[in-house]
Amino acid sequence: MSGKLTRQFLIYGAVCLCILLVPVVVDDAFLLNKYARYLVFGMLAIALSLSWGYAGILNLGQATTFGIGSYCMAMFLKLKTVPVHTGSEGLPDFMVWNNVTELPWIWVPFQSTTFSLLAGILLPALFAALLGWFIFGGRIAGVYAAIITLAVMVVANLIIIDQQSYTGGFNGITDLAEFSFLGIDFDAYSASTYYLVAASLTVTLFLALAVSRSKTGLILQAVRDQEERVRFFGYDVALYKTFVFALSAGIAGLAGMLYTIVMEFASPTFLGVPLSLSIVIWVAVGGRQSLIGAMLGAILVTGVQGALSESEAFLETWTLIMGGLFVLIVLLMPKGLAGAIEALVRRLPQAGNGRSARHTEPDHRPETHPNLGGTQ
Amino acid sequence: MTGNREQLLALRQATVSFQGFVAVDRLDFSVAAGELRCLIGPNGAGKSTTLDLICGKSRITSGEIIFRGEPIHTYREFRMARTGIGRKFQVPSVFRELTVMENLEIGCSREPGVWHNLFRFSGGADTERLERLALLVGLQDELSTQAAHLSHGQTQWLEIALILAQDPALILMDEPTAGMTAHETNMTAELFNRLRGQHTLIVVEHDMGFVRDIAETISVMHQGRLLAQGTADEISEDPGVREAYLGSGGIGHA
Amino acid sequence: MDFVVSQILTGLSLSSILLLVALGLAIIYGVTGVINLAHGEFVMLGAYGAWLLQTQFGWNVLASLFVIFLAIALLGWLLEATVIRHLYDRPLDTILATWGLGVMIQQIVRLTAGGELRYVQMPPGLSGSVDILGATDSAYRLFVLGVALGLFALTWSIYRYTTFGLKLRAITQNRAIASSFGINSGQAYRATFAYGAGIAGLAGALISPLKSVSPEMGTTYVVDAFMVVVLGGVQSLMGTLASSAVLGEASGLLAYFSNDTIAKALVLVAIVIIIRFRPQGLFAPRVRA
Ligand SMILES: Nc1ncnc2c1ncn2[C@@H]1O[C@H](COP(=O)(O)OP(=O)(O)OP(=O)(O)O)[C@@H](O)[C@H]1O
Ligand SMILES: [Mg+2]
């Protein structure tokens, strides 16, 4: 058992080390920027793997909290631009165009660095905690919970587009200042930004690993398996689910902040259905029940997509291929590439340990009847 | 029987109806601390539903349920469990995707908080106790087997072990020997006799041989009501009980 | 008076489209428990079918309806047989798989027919307008309303009065028991899926002269249809009818009084609240979970 743990730590450590060492080999600024983007997506995948893979909560609106984090960072960096304004009030340019005369109250606290950085993680977490309490407190689970997360995201997206004078509307928030922290400037096209993202990813990955290995992580897996049963041992299932939902949102928020730094803008598309769908696909491909699998799934898929995006026609075909691949994986490999690799490794003749033969995949346990999710 | 021992659980006029169908009807039922009570009755008598009421899976429509002096029927399920009630379900339900050891760790729920459990990792202080429990139910060699791969009898035992890991004052067992071989049933009877005194047990069973092996007092339910209560001999002499079982082939084969 | 009548007519027209689009989804969800997120793409395919037959062969929409129904039903049948069938006991995965299928269909259409908007002409006999109580309404819209009600009646009678409908009802009550009485639920599911898909295609073809046709058009329809089903209650066809009527009229009014974005957001918030507090739907009695 502990041998397995050691092996897991080694694999995770090695992968992170490789990621951290990339700038040693690559010094093309554009490539580094691109890779940093993929890493951000990897972080998003970790977030979804925690809630979906471990706790069985399929969040079809993971991009909501990603978007909140990204807007927090964008608001902060917008207020840092010199000159921030076209008028006399120190207002962002798009507000002036929309005849706003005074900095709106939601913007005011983002003049503080500490507040902004905390808000980028804590606001999404708080948002998810409230939403989670609303959903799970009412015993809504499964498909219905997934649909709620999707609907909430679309609402958030519509509101951002509609409230143009506060959010920049359709165009999002652009022309940002460069992020600098503790005396380091994080130019989007620099190794320092890459390191920032890679280090955040490493920390996130190990944090998520610790959570998944803790008893809380175990209880979440039990909830995924048989929610009712867990309740009768005295665990507050709704609280556990809300916790992991909020944790996942906090990670997504951090990813959103980093994404704004890397992309140098925030846009309502960050809270879009296509991105949320993509996250689900990455995680499904990589393996929803493996944190590192999900992360590498995201990096792999977006990497290939990035390489193909040179030609427009090819990108269209790629979307088709991704759709097909996704259906096949859902159908044939519910545990994704990580699950397939794990099964392969297990099948290798292993030091005469006869018992391992029994550890084949269990048949997929039927969940409750389709009208699931409703209150019991 | 319950006179000189402290009363642990009491149902008073407990009633539940499902869209007009009264499954448990003004039931008065009490159990003393440390007792091993058997609950029998023909199919559909309301035995499982009664256990559901005690653990919170179903809610009474009127009446009350008092456990250790508290009116627990107002609590949410997890709070009821935390007051010291454990339940084994009629359809064995364990966590099939987790290993036997992991299952046992879930059962061990004295500290149910999210925050607390965030800093607990497997191989902690409970391991030894859990291994002993696994030994008690004969699963000591299956600790890292996925629960999905256990046989039916082993699954039943795993669930019993889960309840013992939870260590509740009151244990509700719904047909624990269903699907067990005669040998396994005997072992279960032995186990229950050992639990006597440490825990209070309510055991729902159809197997009269098993009931005779373990019971002190037997309560008989019929059509949602308590029909009779007494020792095994008293029960089998009772004309009302005989009538209730008529047509289902007599009490032994119900 | 004119205004009231014409407002009601606008609402009715919206209702009839909602009913057409939601009917297929409701049947599939009610019987098989699958939330078919590719439903919007079936609608879209129906609309493209009408466009294709019109531009290539000069068929009028009405003439193409039957062919389109058959074609999309066949597609539904095939998808059920190859994909959906394997996922009935994994509900979360069905929404993923159907989502993926939807993306594929959309992409195939974009790659073959192009991404630009397409238009389908009204059938010549129905392009005029009709006077009702002083208000005028397009004859085609009234025709669509009639077809929607007719299809609903047909579906309802199949469900109520045929042996096939009896089997379906038995399966939705309890699949295990039904199959122990020799009812082949696999076949019934496949037929249901094909029928639901066919109706979606029909809906798309009927709508095509009223709206522009594009690869993305399905997305809005699946949301609308889903809302109708959620509001109406999962296993209640009458609920679907009632909620189409209510929603059609309500969105007619909402669009009149407020801006489109806010109306959309409000509708979604309503979905969320209904799912949370009345997952069995507004028009369905509380059923045993
Ligand atoms: N949730 C429910 N909704 C409607 N009826 C129910 C529900 N739960 C139980 N019943 C009905 O209540 C009656 C009592 O059921 P219960 O399961 O308690 O019987 P039982 O004594 O445990 O029988 P068995 O020996 O077969 O397990 C049965 O007729 C059953 O159909
Ligand atoms: Mg029972």
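None of the values given here were measured: they were computed from a predicted structure.

1. Here we look at the overall build of chain C
Step number 1: Along the backbone of chain C there are 11 helices and 2 strands.
Step number 2: Each helix and strand of chain C, placed in order from N terminus to C terminus, yields the pattern α-α-α-α-β-β-α-α-α-α-α-α-α.
Step number 3: For a compact globule of 289 residues, the expected C-alpha radius of gyration is about 19 Å, and chain C comes in at 19 Å, within 12% of that figure.
Step number 4: Its C-alpha atoms give chain C principal-axis dimensions of about 60 × 45 × 35 Å.
Step number 5: Counting over 289 residues, chain C shows a buried share of 56%.
Step number 6: For chain C, the share of sequence-separated contacts (at least 6 apart) that also reach a separation of at least 24 residues comes to 78%.
Step number 7: Total accessible area on chain C is roughly 12,200 Å²; 67% of this is exposed by carbon and sulfur atoms.
Step number 8: For chain C, the separation between the mean place of its 16 positive charges and that of its 12 negative charges on side chains is 14 Å.

2. Topic: the coordination of the magnesium ion (ligand 2)
All names here are of chain B.
Step number 1: The protein atoms that coordinate the magnesium ion (ligand 2) are Ser-48 (OG) and Gln-90 (OE1), at distances spanning 1.9 to 2.3 Å. Placement of the pair is Ser-48 in helix α1 (residues 47–55) and Gln-90 in the loop between β6 (85–88) and α3 (100–107), with a sequence separation of 42 residues.
Step number 2: For Gln-90, a relative accessible area of 35% corresponds to the partly exposed category.

3. Notes on the packing of aromatic side chains
Two numbers describe a pair of aromatic rings. These are the distance of the centres and the angle of the planes.
Residues and elements named next belong to chain A.
Step number 1: What the rule picks out here adds up to 29 aromatic pairs over all chains.
Step number 2: Taken together, a centroid distance of 5.5 Å and an interplanar angle of 85° make the contact between Phe-136 and Phe-245 edge-to-face. In this pair, Phe-136 is assigned in helix α5 (residues 113–137) and Phe-245 in helix α11 (residues 237–263), connecting sequence segments 109 residues apart.
Step number 3: Here the aromatic rings of Tyr-194 and Tyr-195 are separated by 6.4 Å at their centres, their planes lie at 75°, and the arrangement is edge-to-face.
Step number 4: Residue classification places Tyr-195 among the partly exposed positions, given a relative accessible area of 35%.

4. Things to note about the interface of chain A and chain B
Step number 1: Contacts between the two partners involve 35 residues from chain A, matched on the other side by 42 residues from chain B.
Step number 2: At the boundary of chain A with chain B, total buried surface from both sides reaches about 3,500 Å², with 58% on carbon and sulfur atoms.
Step number 3: Per-residue buried area on chain A facing chain B is highest for Arg-229, Phe-232 and Phe-233 of chain A; these three make up 22% of the total on that side.
Step number 4: Put simply, chain A and chain B have 3 salt bridges between them.
Step number 5: Taken together, chain A and chain B are joined by 22 residue pairs in polar contact (both at pLDDT 80 or more).
Step number 6: Only α8 (191–213), α9 (215–225), α10 (227–231) and α11 of chain A provide two or more residues apiece to the side of chain A that touches chain B.
Step number 7: Of the residues that constitute the side of chain A that touches chain B, the class distribution is 13 nonpolar, 8 polar and 14 charged.

Criteria and cut-off values
Residues numbered from 1 in each chain as written. Chains lettered and ligands numbered in written order. Predicted model: local features only at pLDDT ≥ 70, side-chain atom pairs only at ≥ 80, totals over all residues. Heavy atoms only, no water. Helix = DSSP H or I, 4+ residues; strand = E, 2+ residues; numbered from the N terminus. Rg over C-alpha atoms; globule rule 2.2 N^0.38 Å. Buried < 20%, exposed > 50% of the residue type's maximum accessible area, 1.4 Å probe, protein only. Contact = heavy atoms within 4.5 Å. Areas by Shrake-Rupley, 256 points an atom, 1.4 Å probe, with all protein chains shown as cover. Lys, Arg positive; Asp, Glu negative; His and termini not counted. Charge placed at Lys NZ, Arg CZ, Asp CG, Glu CD. Donors = N, O, S within 2.8 Å, 3.2 Å for Na, K, Ca; no water. Phe/Tyr/Trp six-rings, centres within 6.5 Å; stacked < 30°, edge-to-face > 60°. Buried area = accessible area lost by both parts, 1.4 Å probe. Salt bridge = Lys/Arg side-chain N within 4 Å of Asp/Glu carboxyl O. Polar contact = N/O pair within 3.5 Å; in protein donor to acceptor, adjacent residues only side chain to side chain. Nonpolar A, V, L, I, M, F, W, Y, C, P; charged D, E, K, R; others polar.

Worth remembering: the numbers are spatial, not functional.
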